[in-house]
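# Architecture at a glance
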Amino acid sequence: MDELGPVDWPPAPLRTERLVLRAPEARDRAAFVELLASPEVHTYLGGPRPRAEVERELPEVPERWPGSFVVALDGALIGQILLRRTPRDSRPAAAGKADLGYLFLPRAWGHGYAAEACAAALGWLDGAFPGEPVMLTTQSANVSSMRLAARLGFTEVERFEAWGAEQWLGVREV
């Protein structure tokens, strides 16, 4: 994935009713390790990375690049929103377009945090890149992610096989 393009980063924190989306900080490192090594989080993402590998490779300030938001509840990381540019050599429908990704710790599931945080991040993207369509890919077996995509206004572009499973590619037009 490539960076989004020229944009002031980090933006002022984005505040929702319950959450704050902000740039990653050193205090988030332990929660990032938990997020990236979680078998539950990576059920539909090819499996978790070994915890020791994550701890060894993760920088002191994790994932600090334009489009990477920490999702914080009461100051603590509960998830991450990723907005990146899809590589030009990926699926033709998605190539070069903005892509939304998200990861949330299992204890944050089922509370509507992902929808709230993704809506805020998409609002930021709409302001930074007016008119930009956004792509989202998820395994079609990931029912929760499919519901979230529909709730956020994504519509199906295609389904394809990759990483040993059927993938769903959707677009959100502004």
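Use the structure listed above.
Read on for an overview of the structure. These figures come from a predicted structure and were not determined experimentally. (Residues numbered from 1 in each chain as written. Predicted model: local features only at pLDDT ≥ 70, side-chain atom pairs only at ≥ 80, totals over all residues. Heavy atoms only, no water.)

### Looking at the packing of aromatic side chains
Under the criterion given, the structure shown has three aromatic pairs. Measuring from ring centre to ring centre gives 5.4 Å for Phe-69 and Trp-124, while their planes differ by 80°; the resulting arrangement is edge-to-face. With a gap of 55 residues between them, Phe-69 in strand β3 (residues 68–73) and Trp-124 in helix α3 (residues 113–128) connect regions that are remote in the sequence. Classification of Phe-69 as buried rests on a relative accessible area of 1%. Look at Trp-124 and you get buried, because its relative accessible area is 12%. Three or more aromatic residues joined by ring pairs make a cluster, and in this case those are Trp-9, Phe-69 and Trp-124. (Phe/Tyr/Trp six-rings, centres within 6.5 Å; stacked < 30°, edge-to-face > 60°. Helix = DSSP H or I, 4+ residues; strand = E, 2+ residues; numbered from the N terminus. Buried < 20%, exposed > 50% of the residue type's maximum accessible area, 1.4 Å probe, protein only.)

### Some points on the pattern of salt bridges
One pass over the full model with this rule turns up 13 salt bridges. One salt bridge in this structure joins Arg-18 and Glu-116, with 2.7 Å as the shortest N-O distance. Here Arg-18 is found in the loop between β1 (14–15) and β2 (20–22), whereas its partner Glu-116 is found in helix α3, with 98 residues between them in sequence. What makes Glu-116 buried here is its relative accessible area of 16%. The salt bridge partner of Arg-49 is Glu-57, with a shortest N-O separation of 2.5 Å. Its relative accessible area of 32% is what places Arg-49 among the partly exposed residues. Each member of the salt-bridge network shares a partner with another, and the members are Arg-22, Glu-25, Arg-27 and Asp-28. (Salt bridge = Lys/Arg side-chain N within 4 Å of Asp/Glu carboxyl O.)

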